[in-house]
Amino acid sequence: MANNNSFKNGGVKTKSISSSSSSYSSGYKSKPSVTSGGRRSSTGSSGNSAGALHKDTPGVSGRVRVAVRLRPRNTEEQSTDADFADCVEVQPELKRLKLRRNNWDSDTFEFDEVLTEFASQKRVYEVVAKPVVESVLDGYNGTVMAYGQTGTGKTYTLGRLGDEDTSARGIMVRAMEDIFAEISPETDSISVSYLQLYMETIQDLLDPTNDNLSIMEDPKSGDISLPGATLIEIRDQPSFVELLRLGEAHRFAANTKLNTESSRSHAILMVHVKKCVKERDGENGGKVHMSRTMKPPVVRKGKLIVVDLAGSERIDKSGSEGHTLEEAKSINLSLSALGKCINALAENSSHVPVRDSKLTRLLRDSFGGTARTSLVITIGPSPRHRGETSSTIMFGQRAMKVENMLKIKEEFDYKSLARKLDVQLESLIAEHEREQKAYQDQVQKIRLDAKKQMSDAEKSYKDAFEKEQLKYQRECMESIKKLEVQLAANQEKQGDKRVKVGFKDEGVRSSAEELIEAKKLLQNEILLRKAAEEEISNLRNQVVQWKRSEATGNAEISKLRKMLEDEVHHREKLEEEISMLQNQLLQLSFDADETRKQLEIGHGVDMSGEMGSLVSPVRQQQMEYSGEQKGSVAKLFEQVGLQKILSLLEAEDPDVRIHAVKVIANLAAEATNQEKIVEAGGLTSLLSLLTTSEDENIHRVAAGAIANLAMNETNQELIMSQGGISLLAMTAENADDPQTLRMVAGAIANLCGNDKLQLMLRAEGGIKALLGMVRCRHPDVLAQVARGIANFAKCESRASTQGIKTGKSLLIEDGALPWIVKNANNEASPIRRHVELALCHMAQHEVNAKDMISGGALWELVKISRDCSREDIRILARRTLSSSPTFQLELKRLRLNTG
């Protein structure tokens, strides 16, 4: 199931993971066998009291359930065993299986489930794993394990992804589908670890740099933990499937006589489910809401372990030899240790030898512990393997006698309660601010209304005063007119007496003139008073407006001062956080380097030597940092900014510079960051480090970052335009470290896959640089060299087919053919596969045929067409040989047949 697709995920990485265990120790005494209970038990249900959660509640008895699955005959068995009957007869309706001794005698065995060769993957999941998954969602630990001879379908049953056929999905994928369907993303969480036990060393399939994990045991609780293992939190099913692809790409496999892709390690998938139990309204439902709010939520923590055991095999049948033989011995020893533990538990022995193997230590909670365990044993029908089939059946029979004590795991989530109370507090503060603002607005509105009413009253009083004044003026004028009329009447009556009253008449005229003058003065006074009152009113309005403007200006100035103080405080706080994050990053990187050096000194293990050579530099660069470093880098990138990180590449302190390079390399592993890095000048800075720095560690990390960026076609052209090939070739020539050479070779190999850059890449020494790195002889370096040559040959073949290129292959002109022919039979499958592809692509162009014949490549093409394990390459080689007239003539001369 190896798959080379890259993995992208925004997951986090923690320092350690825990494999919980109960009181099952090396001296554990097994319980009497009883029938397993139902899915949901009353013990530890959601209705438990608060105090019960802090006590060790008694467990629920549950026997290990065992199902047997029969594999159909494969193509080889159909031909070789055509005249023989199957050694196994299944009776699924009776849950019974018969193993034939001979034509007239057989042994009968009963299991919890018997699955025929026609059983679907869905049926297998429902009877084997679904009850365990439901228990995990209820807060129990659960284990699903596959055991059987190599080639009987264990990995198919558990780990099939179902990309081409959804009905072929295995237990791992279907279990996660059910778990995601039952949890709430807002309150629940799922974390995944993927490990393998290879040659008695525990390795992290999600981070192959962690290739020798240790097992730690809590002396009080007996829990098992694996410090340093990757624990990634996932949010959806596609992310989980990508994790499985990533892990399977790092798992060890080999081609044996019994299985073309035989697993050489035990794979262990750990799924940690944290589920919040919803509150139910009981008898106290009418109490105050605050009392319910203050009660912390109950969290159930379940763990699902899916174990794909490597198949047991007999050396004389599998044909294992060399390193494959050592792997087979290690597999058989660990399975033997597991069988001894099962025997001891089944026989109620006083001593269970769990410490004989790391496999039994990891599975101590699954057999005789607190987990609900379901075992599926896989067998084949061939009578040639009756001995192995019988051994597998007896293993399942003994496992059915093992009794586990299931315990639910619940606890109060005080952190969730604190977060909930914080949200409520912030909500109350916001509500208080809104109410205070509304109150202030209301007060301001009342104040404005009062001012308006006062202004209206003043205006009304002023109008009334003016009316009264005009009234009195009219009355005065009317009185004067009456007096004038009366005076005229008196003058007419006393016309004869004018002489007598002459003096009186003059007096009256004088009085009238004085009255007119008084009237004019009165009108003038009235006009002046009106003008003065209007001026006073205008001045009052201006004063009121000035006061309002002054108050508004003072409030705005106060607000601006406060905002300025907040900005200054916030800036100081950000500067302190940036300084603290930089120190933290330097410290984390320093601790990681020290830990790696101590592991290398203490164990003598190359931390990256076991990684498959098919892993691209992108994925390798992602493995350079631990989970805590990734969290720090993401936080640093978000708060500090890319420009400041790039500026650290020119720091005088070498430690600061190398850590900054690691941060850029880690960011470049994500496709979303690559465009930002290139736009900010990160590519130019990385290329300049290859010339300005003499530190090989910086060269290694910078080359890895360039390899990550070189996976994008636009970035490839930028690298070539800035002389990247020449710089990479110079770095390869001066480097001795295999990891540095691997990174450089990976970068050049990515560039070799661009059709537009073929001539420029060759002109600047890219092909010669690749061939020069074979001096290292490290398999990972050779794999990248072979990948680059295969990419270059494929582009040349495509150009020749399109008529763009004529003439001999540039690989042949640069002398690559002897190395290609020499490594066509390399033991490392990644190297061999790329070399085979390169030969097929070069042979498709007729002009290369004579050189390939003289160089010995024809015979290698013939062997590829006959013996290659991959059918597509085999077909390509045959088609190439049959379509070339030059090759056909040579084959006829040598009397060779490619059919």
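Residues numbered from 1 in each chain as written. Predicted model: local features only at pLDDT ≥ 70, side-chain atom pairs only at ≥ 80, totals over all residues. Heavy atoms only, no water.

**Some details on the sheet that holds strand S6 (residues 106–110)**
Two strands in a sheet stick together by hydrogen bonds in their backbones, pointing the same way (parallel) or opposite ways (antiparallel). Spatially, S4-S5-S6 is the arrangement adopted by the 3 strands of the open sheet, whose pairing is antiparallel. Two strands close off the open sheet at either side, each with one partner strand: strand S4 (88–91) and S6. Ignoring strand direction, the axes of neighbouring strands in this sheet form an average angle of 20 degrees. In terms of strand pairing, S4 meets strand S5 (residues 96–100) through 4 bridges, oriented antiparallel. Paired with Glu 89 across the strands is Lys 98, a residue of S5. Packing against the sheet, helix H11 (residues 386–399) makes contact with S4, S5 and S6, and its axis sits at approximately 145 degrees to S5. (Pairing = 2+ DSSP bridges. Helix = DSSP H or I, 4+ residues; strand = E, 2+ residues; numbered from the N terminus. Axes fitted to C-alpha atoms, helices over the stretch in contact; angles between N-to-C directions. Contact = heavy atoms within 4.5 Å.)

**Points about the UniProt feature "binding site: ATP" (unreviewed entry) in the chain**
Taking the UniProt record as the reference, the feature "binding site: ATP" (unreviewed entry) is found at Gly 148, Gln 149, Thr 150, Gly 151, Thr 152, Gly 153, Lys 154 and Thr 155. Residue position: Gln 149 is located in the loop between strand S8 (141–148) and helix H4 (154–159). Under the relative-accessibility criterion, Gln 149 is labelled buried at 5%. Checked against the element boundaries, Thr 150 lands in the loop between S8 and H4. (UniProt positions renumbered as here; feature names shortened; annotations may be inferred. Buried < 20%, exposed > 50% of the residue type's maximum accessible area, 1.4 Å probe, protein only.)

**Side note on the packing of helix H3 (residues 130–137) against helix H5 (residues 171–182)**
In the contact formed by H3 and H5, the axes pass within 10 Å of each other and the chain directions differ by 35 degrees. Like other packed secondary-structure pairs, H3 and H5 cross with a definite hand, here right-handed. Contacts from Lys 130, Val 133 and Leu 137 in H3 reach Ala 175, Asp 178, Ile 179 and Glu 182 in H5. A class-by-class count of the residues in the contact of H3 with H5 yields 4 nonpolar, no polar and 3 charged. (Left-handed = near helix turned anticlockwise from the far one by under 90°. Nonpolar A, V, L, I, M, F, W, Y, C, P; charged D, E, K, R; others polar.)

**What about the nonpolar core?**
By size, the foremost hydrophobic cluster in this structure holds 91 residues, and its most contacted members are Ile 748, Met 773, Val 785, Trp 819, Leu 839 and Met 852. Take this core: its biggest share by element is 9 residues, from helix H26 (residues 779–801). Cys 87, Leu 99, Ile 305 and Ile 342 belong to the second-largest nonpolar core, a separate cluster that totals 49 residues. (Core = buried A, V, L, I, M, F, W, Y, C linked by side-chain atoms within 4.5 Å.)

**With respect to the pattern of salt bridges**
Side-chain pairs of opposite charge can arise where the charged atoms are in close proximity. As enumerated under the stated definition, the model contains 29 salt bridges in all. Where Arg 73 meets Asp 86, a salt bridge forms, and the shortest distance between an N and an O atom there is 2.7 Å. Note that Arg 73 is positioned in the loop between strand S3 (65–70) and helix H1 (75–80) and Asp 86 in the loop between H1 and S4, a separation of 13 residues in sequence. Among the residues examined, Arg 73 registers a relative accessible area of 21% and is labelled partly exposed. Under the relative-accessibility criterion, Asp 86 is labelled partly exposed at 26%. Put simply, Lys 756 and Glu 713 hold a salt bridge, and the shortest N to O gap is 3.7 Å. Taken together, the residues span a long stretch of sequence, with Lys 756 in the loop between helix H23 (738–752) and helix H24 (758–763) and Glu 713 in helix H21 (residues 713–721) at a distance of 43 residues. A relative accessible area of 59% means that Lys 756 is categorised as exposed. By sharing partners, the salt bridges in this structure join Lys 95, Glu 113 and Arg 123 into a single network. (Salt bridge = Lys/Arg side-chain N within 4 Å of Asp/Glu carboxyl O.)

**Details of the confidence of the model for the chain**
Per-residue confidence for the chain averages 79 on the pLDDT scale, and 80% of its residues sit at or above 70. Confidence drops under a pLDDT of 50 for residues 602–630, and excluding neighbours within four residues, the segment shows 95 contacts in the predicted structure. (pLDDT = per-residue confidence, 0-100.)

**Thoughts on helix H17 (residues 654–668)**
Between its first and last C-alpha, H17 extends 21 Å over 15 residues, near the 21 Å set by a 1.5 Å rise per residue. With 13 of 15 residues buried, H17 lies mostly within the body of the structure. (Expected span 1.5 Å × (residues − 1).)

**Observations concerning the packing of helix H22 (residues 724–734) against H23**
Two elements in contact, H22 and H23, have axes whose closest approach is 10 Å; the angle formed by their N-to-C orientations is 155 degrees. Accordingly, the angle class assigned to the pair H22 and H23 is roughly antiparallel. Regarding H22 and H23, the two cross each other, and that crossing is left-handed. Listed contacts from H23 to Ile 725, Leu 728, Thr 731 and Ala 732 of H22 are Thr 740, Leu 741, Val 744, Ala 747, Ile 748 and Leu 751. Taken together, the residues of the contact of H22 with H23 sort by class into 8 nonpolar, 2 polar and no charged. (Parallel < 35°, antiparallel > 145°, perpendicular 65-115°, else oblique.)

**Comments concerning the environment of Glu 117**
Turning to its location among the elements, Glu 117 is positioned in the loop between strand S7 (113–115) and helix H2 (121–128). A C-alpha to C-alpha distance of 9.9 Å links Glu 117 and Ile 379, two positions 262 residues apart in sequence. Those residues in contact with Glu 117, other than ones at most four positions away along the chain, are Leu 70, Arg 71 and Pro 72.

**Details of the packing of aromatic side chains**
According to the stated counting rule, one finds 2 aromatic pairs in the structure shown. Each ring, one from Tyr 147 and one from Phe 395, has its centre 3.8 Å from the other, and the planes form 10 degrees; the classification is stacked. A residue pair is termed long-range when its members are at least 10 positions apart, and Tyr 147 in strand S8 and Phe 395 in helix H11 qualify at 248 residues. For Tyr 147, a relative accessible area of 8% gives the class buried. Judged by its relative accessible area of 2%, Phe 395 is buried. On the basis of an interplanar angle of 15 degrees and a centroid distance of 4.0 Å, the ring pair of Tyr 198 and Phe 252 is categorised as stacked. Separated by 54 residues along the polypeptide, Tyr 198 in strand S9 (residues 189–198) and Phe 252 in the loop between helix H6 (237–250) and strand S14 (253–254) bring together distant segments of the chain. Here Tyr 198 matches Phe 252 in class, with each residue buried. (Phe/Tyr/Trp six-rings, centres within 6.5 Å; stacked < 30°, edge-to-face > 60°.)

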